[in-house]
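# Close look at the chain arrangement
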Amino acid sequence: MYTLGIPPYANTAPLFYYLEPGYGLEVRRGVPTELNRWLLTGEVDLSLVSAYFYLQHQDRLCALPDFSVAVLGPVYSVNLFHRVPWTALRRVAVTTESATSVRLLEYLIAQDGVYPEFVREAGGLELLETYDGVLLIGDRAIQAYAGLLDAPPRSVHHLPTRLQGLEVTDLSMRWFERTRLPFVFAVWATRKDAPPPPEVVDRLREARSRGLGHLAAIAREEAERLGVSARLIQHYLWNFRYHLEVPDRLGLEAFARAVGLPEPGAYWEV
Ligand SMILES: C=C(O[C@@H]1C=C(C(=O)O)C=C[C@H]1O)C(=O)O
């Protein structure tokens with residue numbers, strides 16, 4: 001049996017909605033920090049992994065050449081919700097689900113000479129009762145933000161970053177403001193000693209192609225699951241870059257340099 005690692009987030013729904021397990025393929029779901037670990041221990045064979053984790057473990061991992069969860073500009077689901085200005089942050093709760101977004105926050109805020117205490121805590125906006133800010137990703141971030149909106153936004157240029165007494169900083173947008181590059185949150189990787197079977201990769205490509213061709217239907221289902229507007233989720237999903245194209249690779253290389261890790265070497269030729 002060949003095991004795929006898949007996170008539970010809406011942003012991966014277009015990739016896996018049409019993936020039919022079976023024929024020797026099974027799926028194991030976990031949040032990125034779990035998938036990262038399982039890929040190294042062998043509990044999954046091919047998995048979406050945090051880009052930061054991949055960069056840290058290039059001695060043991062190799063990435064597929066054309067898979068990513070990347071964004072140029074705002075991502076809408078990697079948000080720092082904060083009660084005090086960015087430069088006044090002293091204690092920040094960070095999600096236990098992610099590796100990349102935590103390291104990205106550390107990097108971006110250090111660039112401004114600010115060095116808060118980061119505490120990994122599971123939870124949501126209630127953490128703002130004891131912290132200056134809270135970093136949320138994925139579905140929880142989308143639900144938290146949508147829950148602060150009084151009404152569906154008229155356009156993408158009507159998405160407030162200050163609401164209900166909070167500031168919301170989109171980390172992918174801040175990266176774009178400083179680099180003009182996409183940010184790669186995740187890639188697909190296997191252990192170097194276990195190349196991905198071409199037929200599995202082609203099934204993943206076919207599932208992605210079908211998913212991107214049915215974005216409205218997938219957005220409706222994910223919106224209902226999350227309890228937010230379908231129009232908001234459709235734009236959210238449309239906004240992702242899933243193919244690790246050259247601009248995304250440039251963004252990944254820039255992030256590697258920013259955090260002092262080796263730039264990605266070879267990708268699997270599959
Ligand atoms: C942008 C997102 O993508 C996710 C973020 C990841 C991370 O930060 O490690 C890993 C997988 C992605 O699906 C998100 O969940 O908001």
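Keep in mind the model is a prediction, meaning the values are calculated, not measured.

### Some remarks on the site of the ligand
Taken together, 18 residues lie around the ligand, and Asn11, Ser50, Ser77, Ser98 and Gly138 are the ones closest in. Taking Asn11, its side chain carries an N or O atom lying 2.9 Å from an oxygen atom of the ligand. At 2.6 Å, a side-chain N or O of Ser98 approaches an oxygen atom of the ligand. The protein chains hide 100% of the 380 Å² of surface that the ligand would expose on its own. For the shell around the ligand, the secondary structure elements donating two or more residues are β3 (46–50), α4 (100–110) and β11 (183–191). Residues of the shell around the ligand, tallied by class, amount to ten nonpolar, eight polar and no charged.

### Regarding the packing of aromatic side chains
Taken as a whole and assessed by the stated rule, the structure comprises eleven aromatic pairs. Note on Phe183 and Phe185: the rings are 4.7 Å apart at their centroids and 65° apart in plane angle, and the pair reads as edge-to-face. With respect to class, Phe183 is no different from Phe185; both count as buried. Ring geometry for Tyr236 and Phe240: centres 5.0 Å apart, planes at 80°, overall edge-to-face. You can call Tyr236 buried: its relative accessible area is 1%. An aromatic cluster is present here, built from Tyr52, Tyr107, Trp175, Phe183, Phe185 and Phe255 joined pairwise through their rings.

### Some remarks on the packing of α4 against helix α6 (residues 171–179)
At a closest axis distance of 10 Å, the pairing of α4 and α6 adopts a crossing angle of 45°. Taken together, the axis directions place α4 and α6 in an arrangement best described as oblique. Viewed along their axes, α4 and α6 form a crossing whose handedness is left-handed. Of α6, the residues touching α4 (which contributes Ser101, Leu104, Leu105, Tyr107 and Leu108) are Leu171, Arg174, Trp175 and Arg178.

### Notes on the domain arrangement of the protein
Taken domain by domain, the protein consists of domain 1 (2–72 + 182–259) and domain 2 (78–179). The interface is formed by 29 residues belonging to domain 1 together with 22 residues belonging to domain 2. Together domain 1 and domain 2 conceal approximately 2200 Å² of surface at their shared face, both sides included; 71% is due to carbon and sulfur atoms. Of all residues in domain 1, Tyr9, Phe183 and Phe185 give up the largest surface area on contact with domain 2, accounting jointly for 23% of the area buried on that side. Remark: the boundary between domain 1 and domain 2 carries one salt bridge.

The rules we used
- Residues numbered from 1 in each chain as written.
- Predicted model: local features only at pLDDT ≥ 70, side-chain atom pairs only at ≥ 80, totals over all residues.
- Heavy atoms only, no water.
- Near = heavy atom within 4 Å.
- Polar contact = N/O pair within 3.5 Å; in protein donor to acceptor, adjacent residues only side chain to side chain.
- Areas by Shrake-Rupley, 256 points an atom, 1.4 Å probe, with all protein chains shown as cover.
- Helix = DSSP H or I, 4+ residues; strand = E, 2+ residues; numbered from the N terminus.
- Nonpolar A, V, L, I, M, F, W, Y, C, P; charged D, E, K, R; others polar.
- Phe/Tyr/Trp six-rings, centres within 6.5 Å; stacked < 30°, edge-to-face > 60°.
- Buried < 20%, exposed > 50% of the residue type's maximum accessible area, 1.4 Å probe, protein only.
- Axes fitted to C-alpha atoms, helices over the stretch in contact; angles between N-to-C directions.
- Parallel < 35°, antiparallel > 145°, perpendicular 65-115°, else oblique.
- Left-handed = near helix turned anticlockwise from the far one by under 90°.
- Contact = heavy atoms within 4.5 Å.
- Domains from an automatic or database assignment.
- Buried area = accessible area lost by both parts, 1.4 Å probe.
- Salt bridge = Lys/Arg side-chain N within 4 Å of Asp/Glu carboxyl O.

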